[in-house]
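Next come the chains, spelled out residue by residue.
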Amino acid sequence: KVTAYNSMSGCDFVDSVQVNISSPIASFEISDVVACAYTLVDLNGSASQNITEYYWDYGDGTNSGWMSEPAVQYVWTGVGYYPIKLTVRDDNGCENSITHEIHVLGPVIDMSVDATYGCNSLNVTFTDLSTADEYISQVMWEFPNGDVITGSQGSVVEYLFDEDGTYSVTVYATTISGCTHDTTYTDLITVASVNAEFSAPDQIGCVGEEMLFSAAETDPSYIYTWNFGVGGNVVGNEPEPAHEYSAGGKFDVSLHVESLLGCADSVIYTKFIIIQEPTANFSLVNNFLSCYYSDPFSINQNSSVVPPETVLAYQWIMGTGDTLNIENPQYLYPYPGVFDVILNVETPAGCTDSYSQTLTADGPYADMLISDSIACVGQEVEFEVTNMQGVDNFEWVLGDGNPSSLASFTHSYETVPPDGYYLVSLTLTSGACIVPFTDSIFVFDVTARFDITDPQAVVIVGGKCSPFDALLTSNSENEISRTWSIDGEVYGSGNISEEIVFQNPSADDISVEVYLKVEDEHGCVDSVFKLINVFALPQVRIHNDTIICFADELGIYATGGTSYIWSPNQTISDTSSSTPSVWPSDNTMYTVQVSNEKLCESFDSVYITVMQEPNIILTPERDTIMIGDTVFSNLIPDQENLTFNWTPPTNISCYDCQMPYFYPLESMRYNLVVEDSLRCFRHNYYVDIVVREEYSLDVPMAFTPLGNDENRIVYVKGFGIKKLLQFRIFNRWGEEVFYTDDIHKGWDGYYKGQIKNIDNYSFYVEAEMYDGSIKDKKGYIMLMR
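Small disclaimer: the values here were computed from a predicted structure and weren't measured.

A. Main features of the overall build of the protein chain. Regarding its fold elements, the protein chain presents zero helices and 73 strands. Computed over its C-alpha atoms, the radius of gyration of the protein chain comes to 61 Å, more than 25% above the 28 Å expected for a compact globule of 785 residues. Taking the principal axes of its C-alpha atoms as reference, the protein chain extends roughly 155 × 130 × 40 Å. Looking at the 785 residues of the protein chain, the share that counts as buried comes to 37%.

B. Seen up close, a negative patch on the surface. Where like charges cluster on the molecular surface, the negative patch consists of E380, E382, E384 and E414. Assignment of secondary structure puts E414 in the loop between β40 (408-412) and β41 (421-430). Under the relative-accessibility criterion, E414 is labelled exposed at 53%.

C. The arrangement of a nonpolar patch on the surface in detail. The grouping of I374, Y421, L423 and F442 at the surface amounts to a nonpolar patch, some 350 Å² of accessible area in total. Mapping I374 onto the fold places it in strand β36 (residues 374-376). Owing to a relative accessible area of 37%, I374 belongs among the partly exposed residues under this scheme.

D. Quick peek at the state of the cysteines. Counted according to the given criterion, the structure contains eight disulfides. A sulfur-sulfur distance of 2.0 Å marks the disulfide that ties C291 to C433. A torsion of 65° about the S-S bond marks the disulfide between C291 and C433 as right-handed. One end of the pair, C291, is in the loop between β28 (288-289) and β29 (299-301); the other, C433, is in strand β42 (residues 433-444), with 142 residues separating them in the sequence.

E. Focus on the sheet that holds strand β52 (residues 546-549). Read across the open sheet, the four strands follow the order β52-β58-β57-β55; overall the sheet is mixed. Of all the strands in the sheet, the pair left with one neighbour each is β52 and β55 (563-567). Strand after strand, the sheet turns through a mean of 25° between neighbouring axes, direction not considered. Relative to strand β58 (residues 601-611), β52 runs parallel, the two sharing four bridges.

F. Representation of the sheet that holds β40 in the model. Strand order in this open sheet of three strands is β35-β37-β40, and the pairing throughout is antiparallel. The sheet is open, and its two borders are formed by β35 (365-370) and β40, each paired with just one other strand. The average angle at which neighbouring strand axes cross in this sheet is 20°, direction not considered. In this structure, strand β37 (residues 380-389) lies alongside β40, joined through five bridges in antiparallel fashion. Each bridged residue has a counterpart across the sheet, and for E382 the counterpart in β40 is T410.

G. Focus on the packing of aromatic side chains. Following the criterion strictly, the structure yields 43 aromatic pairs and no others. Centroid distance F126 to F143: 5.5 Å. Interplanar angle 55°. Geometry classified as tilted. Residue F126 is located in strand β12 (residues 122-128), and its partner F143 is located in the loop between β13 (136-142) and β14 (148-151); the two are separated by 17 residues in the primary sequence. Using a relative accessible area of 0% as the deciding quantity, one classes F126 as buried. Exposure remark for F143: the relative accessible area of 2% places this residue in the buried category. Seen in terms of ring centroids, Y335 and Y365 are 5.9 Å apart; in terms of plane orientation they differ by 65°. Their pairing is edge-to-face. Residue Y335 is located in the loop between β32 (323-324) and β33 (337-346), and its partner Y365 is located in strand β35; the two are separated by 30 residues in the primary sequence. Of note, R89 hangs over the ring of W66, and the distance from its end group to the ring centre comes to 3.9 Å. Taking the ring centre of F535 as reference, the NZ or CZ of K598 above it sits at 5.2 Å.

H. Structural detail: the environment of S68. Following the sequence through the fold, S68 ends up in the loop between β6 (53-57) and β7 (71-75). Considering only alpha carbons, one finds S68 and Y55, 13 residues apart in sequence, at a separation of 9.0 Å. Aside from chain neighbours lying at most four places away, what touches S68 is T52 and Y54.

I. Structural view of the nonpolar core. In terms of nonpolar packing, the biggest core is built from 44 residues, with F297, W316, Y333, F383, W396 and I441 touching the most fellow members. With five residues, the single largest contributor to this core is β42. Formed by 21 residues, the second largest nonpolar core is a distinct cluster that contains F213, Y245, F251 and I273.

J. Focus on unusual backbone geometry. With omega at 0°, the peptide bond leading from G106 into P107 counts as cis. Its place among the elements puts P107 in the loop between β9 (95-104) and β10 (111-113). Phi at D187 takes a positive value of approximately 50°, unusual for a residue other than glycine. With a phi close to 50°, T571 is a non-glycine residue in the positive phi region. Inspection of the secondary structure puts T571 in the loop between β55 and β56 (581-582).

K. Structural view of the pattern of salt bridges. One pass over the structure, following the stated rule, counts 14 salt bridges. Of the charged contacts in the structure, one is a salt bridge between K250 and E309, with a shortest N-O distance of 2.7 Å. Linking K250 in strand β25 (residues 249-258) with E309 in the loop between β30 (304-306) and β31 (313-317), this pair joins segments that are 59 residues apart in sequence. Here K250 falls in the partly exposed class, since its relative accessible area comes to 38%. The exposure class assigned to E309 is exposed, which follows from its relative accessible area of 51%. Residues R669 and D688 are paired through a salt bridge, measuring 2.7 Å at the closest nitrogen-oxygen approach. In this pair, R669 sits in strand β65 (residues 668-676) while D688 sits in strand β66 (residues 682-692), placing the two residues 19 residues apart along the sequence.

Each value, and the rule that gives it
Residues numbered from 1 in each chain as written. Predicted model: local features only at pLDDT ≥ 70, side-chain atom pairs only at ≥ 80, totals over all residues. Heavy atoms only, no water. Helix = DSSP H or I, 4+ residues; strand = E, 2+ residues; numbered from the N terminus. Rg over C-alpha atoms; globule rule 2.2 N^0.38 Å. Buried < 20%, exposed > 50% of the residue type's maximum accessible area, 1.4 Å probe, protein only. Patch = residues over 30% accessible without salt bridge, like charges linked within 9 Å, V, L, I, M, F, W, Y side chains within 5 Å. Areas by Shrake-Rupley, 256 points an atom, 1.4 Å probe, with all protein chains shown as cover. Salt bridge = Lys/Arg side-chain N within 4 Å of Asp/Glu carboxyl O. Lys, Arg positive; Asp, Glu negative; His and termini not counted. Charge placed at Lys NZ, Arg CZ, Asp CG, Glu CD. Disulfide = S-S within 2.5 Å. Pairing = 2+ DSSP bridges. Axes fitted to C-alpha atoms, helices over the stretch in contact; angles between N-to-C directions. Phe/Tyr/Trp six-rings, centres within 6.5 Å; stacked < 30°, edge-to-face > 60°. Lys NZ or Arg CZ within 6 Å of the ring centre and 35° of its normal. Contact = heavy atoms within 4.5 Å. Core = buried A, V, L, I, M, F, W, Y, C linked by side-chain atoms within 4.5 Å.

Any link to function would need more than the numbers given here.
Here you go:
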């Protein structure tokens, strides 16, 4: 303990420090001093005294490390007696220890096996080597298929694993006192076998093609003996060999597989591989044709294939660009010349062979040129025969009954044929050889038509008043595309129907050209146009929007038409006049419907704002204050845009605002004049303020700086205070802790940034009053927390 004393002030202060002397004491309890192996044992050191940390040594070479909790759980996996030591320490690092012993009975499971790997099947002998600190009454082996064999400590059992696989074995042991444990030996026994099966991704191939084989077993340590049906065996470690066959046929394939442990298997697949070998061959019955058009092409087929039952595919290349895919073709050559005839044969497996001979064909020939195979009605088509070879005579037949023997000419078709096309033929003659050439000309036609309707599908005749909605609908024949134009400008997206709004912003009627161009799938086009009138609307001029005083009358007007209808029909002199008079009592919009000689209608309106007499609520009408106080006015008008004028402009915050505040030094009446923006109405209002002259000066006796109410700051209070001259606060030693000459500032209990202690503080206050006198006061303030 220490005591401090101030001889000048007589104050003293006492302080002290406590020193604690402690010593840790270790103590713990064991839930079971005799326990089975592999079971949880609770250790509780909460009986220790003056402890902050615990350290457990379990006697089997492991420990807990320093920990803050007094209780732990632990499992012993061996048998015998184990010393358990608890060391504790306190905040000062002082330590204390205590040791107790636990007896772990067991069992601890162990066993031996005479073999773990076998081929095809395996008979295994299991010997129990489990240990415990008491007699093991039962040992039980559980095998994967659910078989269970029971024995006792040190017993020997046998079990046959007769299927391929990897097996786990679980051993259970129970001591005479009831301690039990089990251990699973995962993947302990492996029984293997060898499978000689194999496959081939393709069992049918061609001569010289690499054939791939894949054994079911792919272990590179195995010995694979392959025989592909030709020659000797292929021996090695290759499970996926390849082999090429040099001749067609069907071949047996065998495989023998042997593992390093002596497991073996063999298999042979009869006619497993089929090699297809085609041979192409033919002879021409006649290798010269005097008239290529009438003399047929004829052959003798001599092709063959191994195996003989294999189906062949035939392709004949005739030398003209034509191919025929039949075994024995019939063919007429389209023009004379020397041609290489090629035969390609192919098996289903893609094995191929080729053979060729040369053929000569004779006769007249020419090129028949027609400019268009698809034409529109009335379109000129050009016809021409060129590159004539060996031609004595020629003749055109155009399909519409018009023959010609000219080498070059034009012709147009005027109608669409019933079948849609005209058959055109050109016949060439050379001696006895007559060769016709034919072609087809397809003739098409398209017709443009459309209607202009209103949205209800009624056809519009002549025209309508602007603006009006319309629908352009094409009912053309054979069209597949169309283009709409309005006064030369492309319109819409080319749909069969297009919506449109016809508008006329001018003062005169206008005509609008609607044009439709259609096209069929062959490029044939047609077009049509129509004119539609869009009548102009009346161009209305109307009286401007305006403001009038309540109960006034006003003349309004509208021009631009031949007839007029005004609405509403109240407070108006004549609803059908172009210049009526109106006298609305409220804000009103007058709308006029103006019609012209085409009965087209336009609408416009004029809005009349009626200035109403304002209604004012002003409070207070009368109030009483102490001299120096303030009165706030509250004025609620029922409309905007009013002007305000307060008189007299003495001791008032503003004289032209809506809600000033007043601070008169004597009783006074304030007059308010309110006018609207048009000066339709003018009203006077009064506020009477009675001023009482009373004077006082005071300071509260206590305050709470750390509170949350209005008493957190101490202010100077009183009536009739014109100006605060000084407000000073001192502590008990006479030191000034606060000063101000502002009536609106007070002390919050802080000095030099620190909250002051609970205590009595002296104050002195001096103020000038409104009557010119000076008042002062001194006393004490209690600072409370």
